[in-house]
Amino acid sequence: MTEPAVLAKLIVSGGYSVVAQGLSQGAGNAVSNLGISGISVQDSFIRDLPDGSVGAQSIGLVGPGGGISGLEEQYNSDLVGTSGLVVENQDPQGQALSTVKNVPAKPGKTVQLTIDSNIQLNLESILASTRAQFGAKAVSGIVMQPQTGAILAVATSPGYNPNNRVNFNPALARLRSVTDIFEPGSIFKIVTMAGAIQDHVVTPRTKLVVPGVLHLYNLSLHDAETHGKEVWSVSQILERSSNIGTVEVAQRLGAPALTDWIAKFGFGQATGIDYPGEASGFFPEYG
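Everything numeric here is computed off the predicted structure, so don't read it as measured data.

Caption draft 1: Structural detail: the overall build of the chain. For the chain, the helix and strand inventory stands at 11 helices and 10 strands. Whereas a compact globule of 287 residues would reach a radius of gyration of roughly 19 Å, the chain reaches 30 Å, over 25% beyond that. In terms of its C-alpha atoms, the chain occupies a principal-axis envelope of roughly 95 × 45 × 35 Å. A separation of at least 24 residues holds for 53% of the contacts in the chain among residues at least 6 apart in sequence. One finds the centroid of the 17 positive side-chain charges in the chain at a distance of 6 Å from the centroid of its 23 negative side-chain charges.

Spelled out as C-alpha cells, the structure:
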C-alpha cells in the first residue's frame, strides 16, 4: 500500500481502523516485529474442509453467525456450543489483577452422518463424468440403504468447493435432490406394478400383448427400443422398462386405484429428511 493510502485509513474518526485484512502469517509477524505503538495484529480464522468439494452440498456453509445452509444450518443449535465468560479486574495498563468470574466454554455436540465418504466420492465422480458425456446442465444422484432408508451419498453436479469462495455461485450449493421438484418418469413403473400386483390385478407372470405403438387419446406411445408386437410377462415389462406395457397394466388397475397407490408411495408429500428446504412435490387430485 502507498503511504497516503495507509494514512487515509489511520486518520478516520472513531479511534480504530482496519488497515488490511487477509494477510499471510508472515506478513502479520513482520508488522508485529516493527513494534509500532498503537498498531496491533489480530489472528483470524478460516474454515477449511479436508475433503474440499466432497459432500459440500450436504454439509452446507457457515457464516459469522453459524450455519447458513445444509446440515450446518439444520444442526446449528447442536453444533455451536456455549461461549465462555471471563470477568477480570485490570490495572490501567490492561494487566489482569484478579479474576472475578470464569465460566468455561462448552463445546457443541457431535453430529454423525450416514454419508459414506468413499461412496460419496465415487458418486460425485460418476455424476461429473455422466454430465460431461451427455452435455447435461446438471446431474443429481442418491445412494440409499434400502433396508433402513439411510442416505449413503447424495450430490448434484456441478458442485462447488467451500474452501474457495472467491467466485462462489449459490446455485451450485443447492442439494437439488432434496430442494428441487422433478418429474419422476420411469419411477412410476414401479408404483404401477407394485399396486397392480398388491391388488391382485396381475401377477409377475401375467402375460400381456405389447404392441410396438399404442394409440391412446391423441397420443402415440412408444418404447425406448423399437419392437413389433410382443407377448411379455409383467416381470419382463418391468425389466425392459416398457412404457406401453406399463400403460396396459395401469389400465387394468384403473385410475382411482392407481391414484391411491401414488399417494401411498408418498408422492406430493415431504419425506421428512433432516435437511432444510425439502420440496414436497406436487400431486394433483384425481377426479
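Still more ground to cover, so stick around.
Caption draft 2: Region of interest: the nonpolar core. Residues Val-234, Ile-237, Val-249 and Leu-253 are the most contacted members of the largest nonpolar core, which totals 18 residues. The set of elements that each furnish at least two residues to this core consists of helix H8 (187-198), strand S7 (207-210), helix H9 (234-239), helix H10 (243-253) and helix H11 (255-264). Those residues in contact with Ile-237, other than ones at most four positions away along the chain, are Met-193, Leu-208, Val-210, Trp-232, Ser-242, Gly-245 and Thr-246. Membership of the second largest hydrophobic core comes to 6 residues, among which are Val-154, Leu-175, Val-178 and Tyr-275.

Caption draft 3: How the structure looks around the packing of H8 against H11. At a minimum axis separation of 9 Å, H8 and H11 run at an interaxial angle of 115 degrees. Considering how the two elements wind past one another, H8 and H11 form a crossing that is right-handed. Residues Phe-188, Val-191, Thr-192, Gly-195 and Gln-198 of H8 form the contact with H11, whose participating residues are Leu-258, Trp-261 and Ile-262.

Quick notes on the rules
- Throughout, a residue's number is its position along its own chain's written sequence, starting from 1.
- In view of the model being predicted, local features appear only for residues whose pLDDT reaches at least 70, and side-chain atom pairs are presented and counted only at 80 or more, with totals across whole chains, interfaces and linings using the full set of residues.
- Side-chain numbers come from the whole structure's heavy atoms, not from hydrogens or water.
- Secondary structure is summarised from DSSP: a helix means a run of H or I of at least four residues, a strand means a run of E of at least two, and numbering begins at the N terminus for each.
- Radius of gyration means the value over C-alpha atoms here, while the globule rule gives 2.2 Å times the residue count to the 0.38 power.
- Only heavy atoms matter for contacts: two residues are in contact if any of them lie within 4.5 Å across the pair.
- Note on charges: Lys and Arg go in the positive column, Asp and Glu in the negative column, and His and the chain ends are not counted at all.
- Taken as the charge location is NZ of Lys, CZ of Arg, CG of Asp or CD of Glu.
- Only buried residues count toward a nonpolar core. Its members are Ala, Val, Leu, Ile, Met, Phe, Trp, Tyr and Cys residues joined through side-chain atoms within 4.5 Å.
- When a residue's accessible area, from a 1.4 Å probe over protein chains only, is under 20% of the maximum for its type it is buried; when over 50% it is exposed; and in between it is partly exposed.
- Axis definition: a line fit to C-alpha positions, over the contact stretch in the case of helices; interaxial angles, taken between N-to-C directions, run 0 to 180 degrees.
- The crossing is said to be left-handed when, going from far helix to near helix, the turn is anticlockwise and less than a right angle, and right-handed when the turn is clockwise.

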